[in-house]
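Okay, here's what each chain looks like letter by letter:
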Amino acid sequence: MSKITESANGQDCQIRIIGVCNNINVVWCHANGQAAGKAIGKKTLDILGAYGCQKCHDVYDRRVIPTNMSYEEIDLDFHHGHQRSI
């Protein structure tokens, strides 16, 4: 585990998806998409990430699909969280 992923312990969620975030079990969430370097079986570089609670992480990674917002809104929340995390 890298130092940046270990640094998530004790941090607050920075993704902060409204109606989703509970600020519990914060981890380092890696950015999604080819532009970030993600591919099948390959995560992006650690620097392209954000502190996110488990619920925000699940929504961003599309393990949970909310019905009240678009993925573009979720992606923007992630990128704002990335800026706050850095």
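About the cut-offs
Residues numbered from 1 in each chain as written. Predicted model: local features only at pLDDT ≥ 70, side-chain atom pairs only at ≥ 80, totals over all residues. Heavy atoms only, no water. Helix = DSSP H or I, 4+ residues; strand = E, 2+ residues; numbered from the N terminus. Rg over C-alpha atoms; globule rule 2.2 N^0.38 Å. Buried < 20%, exposed > 50% of the residue type's maximum accessible area, 1.4 Å probe, protein only. Contact = heavy atoms within 4.5 Å. Areas by Shrake-Rupley, 256 points an atom, 1.4 Å probe, with all protein chains shown as cover. Expected span 1.5 Å × (residues − 1). Arc of directions from axis to C-beta. Core = buried A, V, L, I, M, F, W, Y, C linked by side-chain atoms within 4.5 Å. Phe/Tyr/Trp six-rings, centres within 6.5 Å; stacked < 30°, edge-to-face > 60°. Lys NZ or Arg CZ within 6 Å of the ring centre and 35° of its normal.

**Topic: the overall build of the protein**
(1) Moving on: Looking only at helices and strands, the protein features 3 helices and 2 strands.
(2) Moving on: Put simply, the protein runs from its N terminus to its C terminus through helices and strands in the order α-β-β-α-α.
(3) Moving on: In terms of overall size, the protein behaves like a compact globule, its C-alpha atoms giving a radius of gyration of 12 Å where 86 residues would be expected to give roughly 12 Å.
(4) Moving on: The C-alpha extent of the protein, read off along each of the three principal axes, is 35 × 30 × 20 Å.
(5) Moving on: Relative to its 86 residues, the protein shows a buried fraction of 36%.
(6) Moving on: Counting contacts in the protein only where the partners sit at least 6 residues apart, residues at least 24 apart contribute 60% of the total.
(7) Moving on: A total of about 5,500 Å² of accessible surface is found on the protein, and carbon and sulfur atoms cover 53% of it.

**Here we look at helix H3 (residues 71-85)**
(1) Moving on: Across its 15 residues, H3 extends 20 Å between first and last C-alpha, which sits within 8% of the 21 Å expected from 1.5 Å per residue.
(2) Moving on: Turning to H3, its buried residues are Ile74, Phe78, Gly81, His82 and Ser85. Down the axis of H3, the sector holding all buried residues measures 105°, keeping them to one side. Of the exposed residues in H3, those oriented more than 90 degrees away from the buried face are Glu72 and Gln83.
(3) Moving on: Those residues of H3 hidden inside the fold are in contact with strand E1 (27-30), strand E2 (49-52) and helix H2 (54-60).

**A short note on the nonpolar core**
(1) Moving on: Counting residues in hydrophobic clusters, the biggest one holds 19 residues, and the most contacted among them are Cys13, Ile15, Ile17, Cys56, Ile74 and Phe78.
(2) Moving on: If sequence neighbours within four positions are ignored, phenylalanine 78 has contacts with Ile15, Cys29, His30, Ala31, Leu48, Gly49, Ala50 and Tyr60.

**Focus: the packing of aromatic side chains**
(1) Moving on: Counted according to the given criterion, the structure contains 3 aromatic pairs.
(2) Moving on: With a centroid separation of 5.0 Å and 80° between ring planes, the pair formed by tryptophan 28 and tyrosine 51 is classed as edge-to-face. Here the residue tryptophan 28 occupies a position in strand E1, and tyrosine 51 occupies one in strand E2, the gap between them amounting to 23 residues. Residue tryptophan 28 shares its accessibility class with tyrosine 51, and that shared class is buried.
(3) Moving on: Arranged with centres 6.1 Å apart and planes meeting at 20°, the rings of tyrosine 60 and tyrosine 71 form a pair that is stacked. Highlighted residues: tyrosine 60 in helix H2 and tyrosine 71 in helix H3, separated in sequence by 11 residues.
(4) Moving on: Exposure remark for tyrosine 60: the relative accessible area of 0% places this residue in the buried category.
(5) Moving on: Residue classification places tyrosine 71 among the partly exposed residues on the basis of a relative accessible area of 21%.
(6) Moving on: Here the aromatic cluster, defined as three or more aromatic residues joined through ring pairs, consists of Tyr60, Tyr71 and Phe78.
(7) Moving on: Directly above the ring of tyrosine 71 sits arginine 62, whose terminal nitrogen or CZ lies 3.6 Å from the centroid.

Honestly, that's just the spatial picture; any functional story needs more than this.
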